[in-house]
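Residue strings, one per chain:
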Amino acid sequence: TSSCVKLCPLWNELMKKIGIVGGTFDPIHMGHLLLAEKAYSDCKLDSVYLVPSGFSYFKADKKVKDKETRLLMTGLAADNNPHFIVSDIECRREGNSYTVDTLEELHALHPDDELYLIMGADSIFEIETWRNPSRIFELAGIIAAARDDIDEILLGQKCEELTLKFGARIEVMNFPRVEISSTDIRNRIREGLSVKYMLPDAVYEYIEKNNLYKD
């Protein structure tokens, strides 16, 4: 898959390129980390923020582990990677977690740097329903991770549409299908099945030690 729009054609060497991977991270798993690492490498980022959500309004009807536990697990997952930065921005925020608010805060912290929101390409088709999408596109470029099974033509058309409508800067990154999900991990733990190698060892050990997800 080729890029819809090349990010930052006029590059200032003093600028840092900062990627952002957000999620509930209940728990964080190898799929999240592979996504962050591939974007770091392929898109030549300087660092990647891992941002556990505080209160996920779209998961309000689901039982989600408390934000302190999810933040701690994210820290354990990122501990041995010097270019991963764990942020508690959303965990400190009261009320619903909105991407645009997180980008506003990170932009205030890094006013001279370029922010890149890393997401699955499926989210490209939903992003207009998010809070203040025009401001999201102003604040950050998008790195869209596309699996082999996505319709490249439809994705390309949507990227072009968002570029024309919002001035979006979108780069599509090939990303292999990773058959790991937090939901599957929680279900496997509940059923007494192994989740080793689906999670970083430190996260796996923390879950085992604290008997998480067993009820």
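Residues numbered from 1 in each chain as written. Predicted model: local features only at pLDDT ≥ 70, side-chain atom pairs only at ≥ 80, totals over all residues. Heavy atoms only, no water.

**Digging into the overall build of the protein chain**
Here's step 1: The helix and strand inventory of the protein chain stands at eight helices and six strands.
Here's step 2: Each helix and strand of the protein chain, placed in order from N terminus to C terminus, yields the pattern β-α-β-α-β-α-α-β-α-β-α-β-α-α.
Here's step 3: Expected size for 215 residues packed as a compact globule is a radius of gyration near 17 Å; at 17 Å, the protein chain falls within 12% of this value.
Here's step 4: Dimensions along the principal axes, computed over C-alpha positions, put the protein chain at roughly 50 × 35 × 35 Å.
Here's step 5: By the burial criterion, 46% of the 215 residues in the protein chain qualify as buried.
Here's step 6: Put simply, of all contacts in the protein chain between residues at least 6 apart along the chain, 78% involve residues at least 24 apart.
Here's step 7: For the protein chain, the accessible area works out to roughly 11300 Å², and carbon and sulfur atoms hold 50% of it.
Here's step 8: Side-chain charges in the protein chain split into 26 positive and 36 negative, and the spacing between the mean points of these groups amounts to 4 Å. (Helix = DSSP H or I, 4+ residues; strand = E, 2+ residues; numbered from the N terminus. Rg over C-alpha atoms; globule rule 2.2 N^0.38 Å. Buried < 20%, exposed > 50% of the residue type's maximum accessible area, 1.4 Å probe, protein only. Contact = heavy atoms within 4.5 Å. Areas by Shrake-Rupley, 256 points an atom, 1.4 Å probe, with all protein chains shown as cover. Lys, Arg positive; Asp, Glu negative; His and termini not counted. Charge placed at Lys NZ, Arg CZ, Asp CG, Glu CD.)

**Section: the sheet that holds strand S6 (residues 170–174)**
Here's step 1: As summarised here, the arrangement of the six strands in space is S3-S2-S1-S4-S5-S6, forming an open sheet in which the pairing is parallel. A strand with exactly one partner marks an edge of an open sheet, and here the two such strands are strand S3 (84–86) and S6. Recorded for the sheet is a direction-independent mean angle of 30° between the axes of neighbouring strands.
Here's step 2: Taken together, the six bridges between strand S4 (residues 114–120) and strand S5 (residues 140–146) define a ladder with parallel strand orientation. Across the sheet, residue Gly-120 finds its bridge partner in S5, namely Ala-145. (Pairing = 2+ DSSP bridges. Axes fitted to C-alpha atoms, helices over the stretch in contact; angles between N-to-C directions.)

**With respect to the environment of Ser-87**
Here's step 1: Position of Ser-87 among the secondary structure elements: in the loop between S3 and helix H3 (89–92).
Here's step 2: On the accessibility criterion, Ser-87 (5% relative accessible area) is buried.
Here's step 3: Considered as a pair, Ser-87 and Gly-75 are 12 residues apart in the sequence and their alpha carbons are 8.9 Å apart.
Here's step 4: Among the polar contacts listed, one links the side chain of Ser-87 to the backbone nitrogen of Ile-89, at a separation of 3.2 Å. (Polar contact = N/O pair within 3.5 Å; in protein donor to acceptor, adjacent residues only side chain to side chain.)

**A few points about the packing of aromatic side chains**
Here's step 1: For the structure shown, the criterion picks out one aromatic pair.
Here's step 2: Directly above the aromatic system of Tyr-98 lies the positively charged group of Arg-131, at a separation of 3.8 Å from the ring centroid.
Here's step 3: Above the plane of the ring of Tyr-197 lies Lys-196, whose end atom (NZ or CZ) is 5.4 Å from the centre. (Phe/Tyr/Trp six-rings, centres within 6.5 Å; stacked < 30°, edge-to-face > 60°. Lys NZ or Arg CZ within 6 Å of the ring centre and 35° of its normal.)

**Focus on the packing of helix H2 (residues 67–78) against helix H8 (residues 201–209)**
Here's step 1: As a packed pair, H2 and H8 sit with axes 7 Å apart at the nearest point and diverge in direction by 145°. For the element pair H2 and H8, the recorded crossing hand is right-handed. Contact residues: H2 offers Thr-69, Leu-72, Met-73, Leu-76 and Ala-77, while H8 offers Ala-202, Val-203, Tyr-206 and Ile-207.
Here's step 2: A breakdown of the residues in the contact of H2 with H8 according to their chemical character gives eight nonpolar, one polar and no charged. (Left-handed = near helix turned anticlockwise from the far one by under 90°. Nonpolar A, V, L, I, M, F, W, Y, C, P; charged D, E, K, R; others polar.)

**So, the pattern of salt bridges**
Here's step 1: Using the criterion set out here, one finds 14 salt bridges in the structure.
Here's step 2: For Glu-128, the salt bridge is made with Lys-158, and the minimal N-O distance between the two is 2.7 Å. Pair noted here: Glu-128 is in the loop between S4 and helix H5 (133–139) and Lys-158 is in helix H6 (residues 152–166), with a separation of 30 residues, a long-range link.
Here's step 3: On the basis of relative accessibility, which here comes to 27%, the residue Glu-128 falls in the partly exposed class.
Here's step 4: Where Arg-177 meets Asp-149, a salt bridge forms, and the shortest distance between an N and an O atom there is 2.6 Å. (Salt bridge = Lys/Arg side-chain N within 4 Å of Asp/Glu carboxyl O.)

**A word on the nonpolar core**
Here's step 1: Of all hydrophobic cores here, the largest spans 32 residues; its most connected members are Leu-45, Val-48, Leu-50, Ile-118, Ile-143, Met-173 and Ile-207.
Here's step 2: Those residues in contact with Ile-207, other than ones at most four positions away along the chain, are Pro-27, Met-73, Ile-189, Leu-199, Leu-212 and Tyr-213.
Here's step 3: The next biggest cluster of nonpolar side chains, apart from the first, holds 29 residues, and it includes Ile-18, Ile-142, Ile-150 and Val-172. (Core = buried A, V, L, I, M, F, W, Y, C linked by side-chain atoms within 4.5 Å.)

Any functional reading would require information beyond the geometric quantities listed.
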